[in-house]
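Each chain is listed here by its residues.
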Amino acid sequence: MTEDLDHRFSYLTWDQIKILDQVLTEAIPIHGRGNFPTLEVKPKDIIHMVKEQLIEKQIHVRDIRLNGSTASHILVKHNGTSYKDLDIIFGVELPSELEFQVVKEAVLNCLLDFLPKCVNKQKITAQTMKDAYVQKMVKVSTDHDRWSLISLSNNSGKNVELKFVSSLRRQFEFSVDSFQIILDSILAVYRASDRPLTQDCHPAVIAESMYGDFSQAMDHLKYKLISTRNPEEIRGGGLLKYSNLLVRDFKPADEAEIKSLERYMCSRFFIDFPDVAEQQRKIESYLRNHFIGEEKSKYDYLMTLRGVVNKSTVCLMGHERRQTLNMITILALKVLGEQNIIPNAANVTCYYQPAPYISDRNFSSYYIAHGQPPVFYQPYPFHIQLQSGMV
């Protein structure tokens, strides 16, 4: 890569541009709910159509970028990392509620153009398209952050996520997911000609690391190292992503520093999700979105997360910490049950509240099969304590 840019930026090589071209020109199925047909959408086409709609509605588009795991995959394809969601960032101005609404309508109107020609589009409303093809919609409007997200459904988890950013204080969690590839130059070539890109005839494409030091972030990505700054600024502290990196054999870039960072991650996570039920919903949502087709990795992920919470949580009362650990453990057992895997019972201790009739002196004693360990009833709410791992 040429290094005559600011240290945050670098040019893509021809090999990287080839992968980028494949990502942008390969059709992705957007699956409809009910009887709605599957749409075959090329990223370069929907990006162009949305941009044109925004310009027509007087919304200025600063630039368009490819973000997150897809950008990382393009930059370093051979380190075992993969990508699922296709994250596209439109840099726009969103000064009022009106612009948020215009953005939403622009995306939904573009989806209409991908419907088969035999469909009578006149009778289909924007709300109908939203119900049929949108996985989720998010709008954030605060003093520091103004952005919206529209995620289009894909049954295999490869959602097309269109993010419209006016301002965003924190744009990455870890150095390895801090890359953004600026697409404007390659999109201009697509509009000008249908001819395929070649090594002798291709645009200059620039990538930026929001982490700050492009070369250092690239080394972290190549060698699967974990590094971040100020995790307390990240919603959820980056705790769930950190555990995901660990289970995928990433290692801390600085073993001494990571101990302090883990405490900040846990503290921010419990500030954002103070209730155990909220924590559970967040973890379950993360599993659904990031482990599609990787069911066997869910157990390892949950036990890794549990280990981090167990050793690095300093902001909770003892009983609160136990509640969270128990909740994660039960989720792990549930995952094993779904996979028909029986944990090693020698390493699991179960406590639960006995039924009221057990205290009845006339109630007959329980039969315990020979060769089985005795069952002890303790007057505590149900929880499961791991002694040295379950399997």
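Here the structure is a predicted model, which means the values were calculated and not measured. Throughout, a residue's number is its position along its own chain's written sequence, starting from 1. Two thresholds apply to this predicted model, a pLDDT of at least 70 for residue-level local features and 80 or more for giving and counting side-chain atom pairs, whereas whole-chain, interface and lining totals are computed over all residues. Only heavy atoms go into the side-chain values, all of them from the structure, while hydrogens and water stay out.

Q: Just checking my understanding: could you explain the overall build of the protein for this structure?
A: When helices and strands are tallied, the protein shows 12 helices and 14 strands. Looking at the 391 residues of the protein, the share that counts as buried comes to 45%. Should any heavy atoms of two residues lie within 4.5 Å, those residues are considered in contact. The long-range share in the protein, meaning contacts at least 24 apart out of those at least 6 apart in sequence, stands at 70%. Helix and strand definitions here come from DSSP, where helices need a minimum of 4 consecutive H or I residues and strands a minimum of 2 consecutive E residues; each element is numbered from the N-terminal end. Working definition: with a 1.4 Å probe on protein chains only, accessible area under 20% of the residue-type maximum means buried, over 50% means exposed, and in between means partly exposed.

Q: Just to check I follow, could you spell out the packing of helix 10 (residues 276-290) against helix 11 (residues 295-312) for this structure?
A: Helix packing geometry: the angle between the two helix axes and the distance between the axes. Each axis is a line fitted through C-alpha atoms, taken for helices only over the stretch in contact, and angles between the N-to-C directions span 0 to 180 degrees. Where helix 10 meets helix 11, the closest approach of the two axes is 11 Å, and the angle between their N-to-C directions is 145 degrees. When the axes of helix 10 and helix 11 are compared, the crossing they make is right-handed. Judged by residue contacts, I283, Y286 and L287 of helix 10 engage K298, Y301, L302 and L305 from helix 11. The hand of a helix crossing depends on one turn: near helix anticlockwise from the far one by less than a right angle means left-handed, and clockwise means right-handed.

Q: Is there a simple way to explain the packing of helix 8 (residues 239-247) against helix 11 in this structure?
A: Orientation of helix 8 relative to helix 11, taken along the N-to-C sense of each, is 120 degrees, at an axis distance of 9 Å. Put simply, helix 8 runs oblique to helix 11. The two elements helix 8 and helix 11 cross, and the hand of that crossing is right-handed. Across from L239, L240, Y242, S243, N244, L246 and V247 in helix 8, the residues of helix 11 making contact are D300, Y301, T304, L305, V308 and V309. Orientation categories follow fixed angle ranges, with anything under 35 degrees roughly parallel, anything over 145 roughly antiparallel, 65 to 115 roughly perpendicular, and all other angles oblique.

Q: What exactly am I supposed to notice about helix 7 (residues 214-222) here?
A: An α-helical turn contains 3.6 residues, so any two residues separated by three or four positions project in the same direction. For helix 7, the set of buried residues is F214, A217, M218, H220 and L221. Projection of helix 7 onto a plane perpendicular to its axis shows the buried side chains occupying an angular sector of 160 degrees, all on one side. At its buried positions, helix 7 is contacted by strand 1 (9-11), helix 3 (68-75), strand 9 (179-182), strand 10 (206-209) and strand 11 (225-226). Once helix 7 ends, the next one or two residues include K224, with phi positive near 55 degrees. What the arc covers is the set of directions going from the helix axis to the C-beta atoms.

Q: What is the right way to look at the packing of aromatic side chains in this model?
A: Aromatic pairing here means that ring centres of Phe, Tyr or Trp (its six-membered ring) are within 6.5 Å. Orientation follows from the plane angle: under 30 degrees is stacked, over 60 is edge-to-face, and everything else is tilted. With the rule as written, the count across this model stands at nine aromatic pairs. For the pair F172 and Y211, a centre-to-centre distance of 5.9 Å together with 85 degrees between the ring planes defines the contact as edge-to-face. Of this pair, F172 sits in the loop between strand 8 (160-167) and strand 9 while Y211 is found in the loop between strand 10 and helix 7, placing the two residues 39 residues apart along the sequence. Among the residues examined, Y211 registers a relative accessible area of 6% and is labelled buried. Ring centres of F269 and F273 lie 5.2 Å apart, and the angle between their planes is 50 degrees; on these two criteria the pair is classed as tilted. Of the two residues, F269 and F273, neither departs from the other in class, the shared state being buried.

Q: Can you walk me through empty space enclosed by the protein in this structure?
A: Leftover empty space is mapped by rolling, across the atoms, a probe with the size of a water molecule. Each cavity reported here is a set of points on a 1 Å grid over the protein atoms alone in which a 1.4 Å probe fits but cannot get out, each pocket an open set with protein on both sides within 12 Å along at least five of seven lines, and each lining residue one with an atom within 4 Å of a point. Grid points are joined across faces, edges and corners, and a volume is the space filled by probe spheres set on the points. For the structure shown, the criterion picks out one cavity of 30 Å³ or more. Taken as a whole, the largest cavity spans an internal volume of roughly 30 Å³. Lining the largest cavity, in full, are Q53, K57, V102, E105, A106 and N109. When residues of the lining of the largest cavity are assigned to their parent elements, the largest contribution, four residues, is made by helix 4 (residues 97-112). Three residue categories are used. Nonpolar comprises Ala, Val, Leu, Ile, Met, Phe, Trp, Tyr, Cys and Pro, charged comprises Asp, Glu, Lys and Arg, and polar comprises the others, including Gly. Residues of the lining of the largest cavity, tallied by class, amount to two nonpolar, two polar and two charged.

Q: So what exactly am I meant to see when it comes to the pattern of salt bridges here?
A: A side chain with one charge may pair with a side chain of the opposite charge, provided their charged atoms come close. Whenever a carboxyl oxygen of Asp or Glu lies within 4 Å of a side-chain nitrogen of Lys or Arg, that contact is scored as a salt bridge. Summed over the entire model, instances satisfying the criterion amount to 15 salt bridges. E208 is the partner of R65 in a salt bridge, and the nearest nitrogen-oxygen pair spans 2.6 Å. Remark: E208 occurs in strand 10 and R65 occurs in strand 4 (residues 61-67); sequence separation between them is 143 residues. Under the relative-accessibility criterion, R65 is labelled buried at 12%. Beyond isolated ion pairs, a larger network of salt bridges with shared partners links R8, D63, R65 and E208.

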